[in-house]
Amino acid sequence: MCTGESSQQAQHRAILALLFLVPAPIVGTAVGMVLYPGPVGSAVYGLSKLWMWVLPALWWLAVDKAKPGWSKPDKGGFAVAAGLGLAIGAVIVAAYFLVGPYMIDAEQVRQVAAGNQLTSLPRYLALCAYLILVNSVMEEYVYRWFIFRKFESLLPSWAAVFAAAACFTAHHVIALVAQLGWFAGCLCSLGVFIGGVVWSWLYLRYRSIWPGYLSHAIVDVVVLVIGYVLIFGAT
């Protein structure tokens with residue numbers, strides 16, 4: 001059992017880790033998508049992504065003095081995760097058909113896509129592959145494996161679930177508002193927060209990023225298909 005002093009030191013390290021990591025995607029997204037879109041913004045955004053990959057691993061090895069691993073899914077959870085991903089995806093599709101036409105300005109989405117050179121189908125498909133195969137893994141690694149666990153050393157587990165989900169949502173608010181406008185962006189951000197709660201809970205329950213990744217990837221597929229419809233005008 002840890003002494004009071006060592007427990008307090010661990011909490012101080014957790015707070016420091018959160019302060020170093022949580023602002024990075026917020027700054028990267030704000031600079032890249034709102035303040036300085038273009039080469040400067042892209043560079044800052046890319047550096048923020050690199051920081052998100054590197055810091056948790058270095059912290060784990062150098063500060064926490066722990067051994068490397070790959071978040072082995074010993075407890076399973078893939079069926080539950082797939083079911084939750086499909087359920088979230090179904091809600092997104094229903095919302096898109098029921099209220100999307102009234103909330104989402106497709107022309108604005110296309111303009112943002114054009115500004116980011118995503119009106120080329122090969123580029124859009126490359127983005128899809130990156131988001132599903134790389135970015136979703138990174139977000140589970142950062143927000144569930146690292147940030148959730150740091151919050152869990154400071155808060156009750158249920159509170160850590162919501163705190164990690166709030167951190168996960170923060171930079172998505174900026175990106176979604178930039179693409180969809182305030183009302184639709186904030187409403188979609190609520191969906192992101194719910195997803196963050198679900199995926200943090202999956203990590204809490206199964207202690208592996210991989211069930212959450214499966215659920216996350218399913219949701220990303222649904223969102224990217226809707227993005228394709230909006231940008232390329234498919235019916």
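What counts, and at which threshold
- Residues numbered from 1 in each chain as written.
- Predicted model: local features only at pLDDT ≥ 70, side-chain atom pairs only at ≥ 80, totals over all residues.
- Heavy atoms only, no water.
- Helix = DSSP H or I, 4+ residues; strand = E, 2+ residues; numbered from the N terminus.
- Buried < 20%, exposed > 50% of the residue type's maximum accessible area, 1.4 Å probe, protein only.
- Contact = heavy atoms within 4.5 Å.
- Areas by Shrake-Rupley, 256 points an atom, 1.4 Å probe, with all protein chains shown as cover.
- Lys, Arg positive; Asp, Glu negative; His and termini not counted.
- Charge placed at Lys NZ, Arg CZ, Asp CG, Glu CD.
- Polar contact = N/O pair within 3.5 Å; in protein donor to acceptor, adjacent residues only side chain to side chain.
- Salt bridge = Lys/Arg side-chain N within 4 Å of Asp/Glu carboxyl O.
- Patch = residues over 30% accessible without salt bridge, like charges linked within 9 Å, V, L, I, M, F, W, Y side chains within 5 Å.
- Expected span 1.5 Å × (residues − 1).
- Bend = angle between axes of the 7 residues up to and from the residue.
- Phe/Tyr/Trp six-rings, centres within 6.5 Å; stacked < 30°, edge-to-face > 60°.
- Lys NZ or Arg CZ within 6 Å of the ring centre and 35° of its normal.

Engineer: Got a minute to help me understand the overall build of the protein chain in this structure?
Structural biologist: Helix and strand counts for the protein chain come out as ten helices and zero strands. Secondary structure elements of the protein chain occur, N-terminal to C-terminal, as α-α-α-α-α-α-α-α-α-α. Residues classed as buried in the protein chain amount to 41% of the 235 residues present. Once local pairs closer than 6 in sequence are excluded, the contacts in the protein chain between residues at least 24 apart make up 80%. Counting every atom, the protein chain has about 12,400 Å² of accessible surface; 72% of that belongs to carbon and sulfur. With 13 positive and 9 negative side-chain charges, the protein chain shows a spacing of 8 Å between the two charge centroids.

Engineer: Got a minute to help me understand the side chain of H172 in this structure?
Structural biologist: With respect to the helices and strands, H172 occurs in helix α8 (residues 157-180). Polar contacts involving the side chain of H172 include one to the main-chain carbonyl oxygen of F168, which spans 2.7 Å. Contacts of H172, omitting those with residues within four sequence positions, involve E139, S189 and V192.

Engineer: Quick question: what am I supposed to make of the environment of A106 here?
Structural biologist: By secondary structure assignment, the location of A106 is in helix α6 (residues 106-115). Residue classification places A106 among the partly exposed residues on the basis of a relative accessible area of 23%. C-alpha of A106 to C-alpha of G227: the two residues are 121 residues apart in sequence and 9.5 Å apart in space.

Engineer: What's the story with the pattern of salt bridges in this structure? I'm lost.
Structural biologist: Oppositely charged side chains are able to pair whenever their charged atoms sit close together. As enumerated under the stated definition, the model contains five salt bridges in all. For D74, the salt bridge identified is with K72, shortest N-O distance 3.9 Å. Like D74, the residue K72 is exposed in the burial classification. With its nearest N and O atoms 2.6 Å apart, the salt bridge here joins E152 to R207. With E152 in helix α7 (residues 121-152) and R207 in the loop between α9 (182-206) and α10 (209-232), this pair connects stretches of sequence that are 55 residues apart.

Engineer: Sorry if this is basic, but what is going on with a nonpolar patch on the surface here?
Structural biologist: Judged by side-chain polarity, L47, L50, W53, V54, L58, Y130, L133 and V134 come together as a nonpolar surface patch covering roughly 720 Å² of accessible area. For the nonpolar patch, the secondary-structure elements that each account for two or more residues are α3 (39-63) and α7. Broken down by element, the nonpolar patch gets its largest block of residues, five residues, from α3. Relative to the assigned elements, L133 resides in helix α7. Residue classification places L133 among the exposed positions, given a relative accessible area of 57%.

Engineer: Looking at this structure, I do not really get α8. What am I missing?
Structural biologist: Relative to the 34 Å expected for 24 residues at 1.5 Å per residue, α8 spans 33 Å between its end C-alpha atoms, a close match to the ideal helical length. Maximal helix bending in α8 amounts to about 30 degrees, located at H172. A positive phi of about 90 degrees marks G181, the residue just after α8.

Engineer: What is the right way to read unusual backbone geometry from this model?
Structural biologist: Trans is the prevailing form of peptide bonds, just as negative phi is the prevailing case for residues other than glycine. Positive phi, normally seen in glycine, also occurs at K65, with a value near 55 degrees. Turning to its location among the elements, K65 is positioned in the loop between α3 and α4 (78-98). A relative accessible area of 66% means that K65 is categorised as exposed. A positive phi angle is found at R207, which is not glycine, with a value near 55 degrees.

Engineer: Quick question: what am I supposed to make of the packing of aromatic side chains here?
Structural biologist: Aromatic ring pairs: the centre-centre distance and the angle between the two ring planes describe each pair. According to the stated counting rule, one finds 14 aromatic pairs in the structure shown. Judged by centre distance (6.2 Å) and plane angle (35 degrees), the ring pair of F162 and F193 falls under tilted. Of this pair, F162 sits in helix α8 while F193 sits in helix α9, and the two are 31 residues apart along the sequence. Taking the relative accessible area as the measure of exposure, F193 reaches 24% and is therefore partly exposed. In this structure an aromatic cluster arises from ring pairing among W53, W60, Y141, W145 and F146. Across the ring face of F168, the terminal group of R144 is positioned such that the distance to the ring centre comes to 4.4 Å.

Engineer: Explain the side chain of T29 here, please?
Structural biologist: Within the fold, T29 resides in helix α2 (residues 23-35). Classification of T29 as buried rests on a relative accessible area of 3%. Excluding residues that lie within four positions of it along the chain, T29 makes contacts with V34, Y45, H171, I174 and A175.

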